[in-house]
Amino acid sequence: MLEIKGLRSGYARGADILKGIDLNVTAGERVAIMGRNGMGKTLLAKTIMGLVKPSAGDIRLEGAPIGAMPAHKISNLGVAYVPQGREIFGDFTILENLRMGVIGKPKLGLEGLEKIYDWFPILRERQSQRAGTMSGGQMQQLAIARALIGRPKLLLLDEPSEGIQPNIVHEIAEKLSAISATEGLTVIVIEQNFEMVEILAERVAFLENGLITGESPTSRLVAEPELITQNMGL
Ligand SMILES: Nc1ncnc2c1ncn2[C@@H]1O[C@H](COP(=O)(O)OP(=O)(O)OP(=O)(O)O)[C@@H](O)[C@H]1O
């Protein structure tokens, strides 16, 4: 459903950090992108989302070229992004934050809210409270829920385990796997934390020096964990 070929991209003109990314993700698949800090994982997510324009290469979503599209159009085609750091509006209530997930989507209202609340019951319980009062794990659930309420086909997550306690990391990974399985949601997760990757992703692609330098089924990395450090150039 997502085909990336020869993708080059950078934050500054003429300084490409991604130097020819090739990556194919099939519908309903859950793929993790792992790599050392500063390798351009966030840039890859931002480029797929249309927040940074590629300087070369091709990105296709279900066959349609999206590389030159602005972010709101890509969002309307069914791609959602949960950024690193979550970007929750702490002064707004949980429900108000969820409403933001359907802004700019004229065909969607809050009809998906009950399903979202069934997936993340803490958000139902606390819907009228200010989001800034929640724990890191609860805020991450809210950020994911805000992305899901727009009914994406492809969900991009950037370091969702950051700043979250291990038991909540497991819970979020299991929840996302279940949602992906029941809804056919395709997931690309940028993640350094293998505990989340192990539960959530079926396959790992390693990003090193601007290229995808290796790929492996997650099960193989569980059996041979030394492959993780080798592939990450550590
Ligand atoms: N807004 C920006 N303008 C210019 N350079 C940037 C900007 N944001 C990040 N960079 C640099 O671009 C490179 C790639 O950053 P990016 O955040 O995409 O990597 P990453 O693999 O996601 O790293 P991390 O795991 O630390 O978030 C890094 O060297 C970073 O310092």
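Residues numbered from 1 in each chain as written. Predicted model: local features only at pLDDT ≥ 70, side-chain atom pairs only at ≥ 80, totals over all residues. Heavy atoms only, no water.

Named according to an unreviewed UniProt entry, the protein chain is ABC transporter ATP-binding protein originating from Kaistia terrae. Here the protein chain is described in UniProt, under the heading Sequence similarities (unreviewed entry), as follows: "Belongs to the ABC transporter superfamily." (UniProt positions renumbered as here; feature names shortened; annotations may be inferred.)

To continue, consider the overall build of the protein chain. The helix and strand inventory of the protein chain stands at 10 helices and 10 strands. Against the 2.2 N^0.38 benchmark of 17 Å for 234 residues, the protein chain shows a C-alpha radius of gyration of 17 Å, consistent with a compact globule. The principal-axis extents of the C-alpha atoms in the protein chain amount to approximately 45 × 40 × 30 Å. Within the span of the protein chain, comprising 234 residues, buried residues form 52% of the whole. Within the structure as shown, the protein chain displays about 10500 Å² of accessible surface, and the carbon and sulfur contribution to it stands at 52%. (Helix = DSSP H or I, 4+ residues; strand = E, 2+ residues; numbered from the N terminus. Rg over C-alpha atoms; globule rule 2.2 N^0.38 Å. Buried < 20%, exposed > 50% of the residue type's maximum accessible area, 1.4 Å probe, protein only. Areas by Shrake-Rupley, 256 points an atom, 1.4 Å probe, with all protein chains shown as cover.)

A few words on the pairing of strand 10 (residues 211-217). Of the strand pairs in this sheet, strand 9 (residues 203-208) and strand 10 are connected by six bridges, and their pairing is antiparallel. Residue pairing for strand 10: L207 is matched across the bridge by I212. (Pairing = 2+ DSSP bridges.)

Around the ligand lies a shell of 13 residues, among which G38, G40, K41, T42 and L43 are the nearest. Y11 has a polar side-chain atom sitting 3.2 Å from an oxygen atom of the ligand. Here an oxygen atom of the ligand and a backbone polar atom of L43 are 2.9 Å apart. Here the ligand loses 55% of its free accessible area of 640 Å² to cover by the protein chains. In terms of residue class, the shell around the ligand is made up of four nonpolar, six polar and three charged. (Near = heavy atom within 4 Å. Polar contact = N/O pair within 3.5 Å; in protein donor to acceptor, adjacent residues only side chain to side chain. Nonpolar A, V, L, I, M, F, W, Y, C, P; charged D, E, K, R; others polar.)

Now for the sheet that holds strand 5 (residues 64-65). Pairing is antiparallel in the open sheet, where four strands are placed in the order 2-1-4-5. Of all the strands in the sheet, the pair left with one neighbour each is strand 2 (18-25) and strand 5. When strand 4 (residues 56-61) meets strand 5, the two strands line up antiparallel, connected through two bridges. If you follow L61 over to strand 5, its bridge partner there is A64. Relative to the sheet, helix 1 (residues 41-49) contacts strand 1 (2-9), strand 2 and strand 4, its axis offset from that of strand 1 by approximately 115°. (Contact = heavy atoms within 4.5 Å. Axes fitted to C-alpha atoms, helices over the stretch in contact; angles between N-to-C directions.)

Before going further, it helps to examine the pairing of strand 6 (residues 79-82). Both faces of strand 6 are covered, namely the face carrying V79 and Y81 and the face carrying A80 and V82. By the bridge criterion, four bridges tie strand 6 to strand 7 (residues 154-158) in an arrangement that is parallel. Note that in strand 7 the partner of A80 across the bridge is L155.

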